[in-house]
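Spelled out, the chains give:
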Amino acid sequence: GLLVRLCPSIFRTDEIQETWDLQARVALTWAGDGAALCFDTAAGIHGLKAYGREGPIHVTLPIPQRVPKQCSFEMVLHSHRELGFWDAAFYDGMRMTRVERTLLDIAGDLSDERVEDLIDDALTRRLTRPANLRACYQRLKRIGRKGCGPFGRILRRRGKTLVPLDSPLEKE
């Protein structure tokens, strides 16, 4: 069959369908060691409320890079100094930001109400624990870091009421 270029040095045969999951795996392979899926992409894989496995692939890299011109799909690159043990892990064979880090990262683009809803959903579904959310915020807070403002406001406002719920109705 024919070879179809997905990214520089990464190809697929024309018999293999190009799915969003394949694109995510290709993006990670292209990005190399130290990279992880992040933002909306990690939210979709974690199954966070209203996030699906669709849209551009978000990848965070230890050094700033540009999206390659030969890429057959939309990719958004972010840079980080270091993703440690508490920031990233392997899920479904792909390295991505943990739920707590993903929530903090996407918090900068959402309203406080939406972020709180996502946090409650993640707690209800036992994707994370309140202690992990607080530890992530303490580790990453600094002036100017996108997402820390709304994330911190919710953690402070909720205080001891930030607990895993038994159902979405319990929040109401």
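Quick caveat, the model's predicted, so the values are computed rather than measured.

How each quantity is defined
Residues numbered from 1 in each chain as written. Predicted model: local features only at pLDDT ≥ 70, side-chain atom pairs only at ≥ 80, totals over all residues. Heavy atoms only, no water. pLDDT = per-residue confidence, 0-100. Helix = DSSP H or I, 4+ residues; strand = E, 2+ residues; numbered from the N terminus. Contact = heavy atoms within 4.5 Å. Phe/Tyr/Trp six-rings, centres within 6.5 Å; stacked < 30°, edge-to-face > 60°.

Peer 1: Sorry, what's going on with the confidence of the model for the protein here?
Peer 2: Segments scoring low in pLDDT should not have their predicted coordinates read at a detailed level. Averaged over all residues, the pLDDT of the protein is 91; the fraction at 70 or higher stands at 97%. Mean pLDDT values for the elements of the protein range from 72 in helix H7 (residues 168-171) up to 97 in strand S3 (residues 36-37).

Peer 1: It is not clear to me how the side chain of Arg101 should be interpreted in this structure. Could you clarify?
Peer 2: Tracing the chain through its elements places Arg101 in helix H3 (residues 99-107). Other than its neighbours up to four places away in sequence, Arg101 contacts Leu83, Asp87, Cys136, Leu140 and Arg145.

Peer 1: For this particular structure, what's the right way to read the packing of aromatic side chains?
Peer 2: The geometry of an aromatic ring pair is captured by the separation of the ring centres together with the interplanar angle, meaning the angle of the planes. The full count for this structure, using the stated rule, is 2 aromatic pairs. Their ring planes at 85 degrees and their centres at 4.9 Å tell us that Phe85 and Trp86 sit as a pair that is edge-to-face. Ring geometry for Tyr137 versus Phe151: centroids 6.4 Å apart, planes at 35 degrees, classification tilted. Highlighted residues: Tyr137 in helix H5 (residues 130-140) and Phe151 in helix H6 (residues 148-158), separated in sequence by 14 residues.

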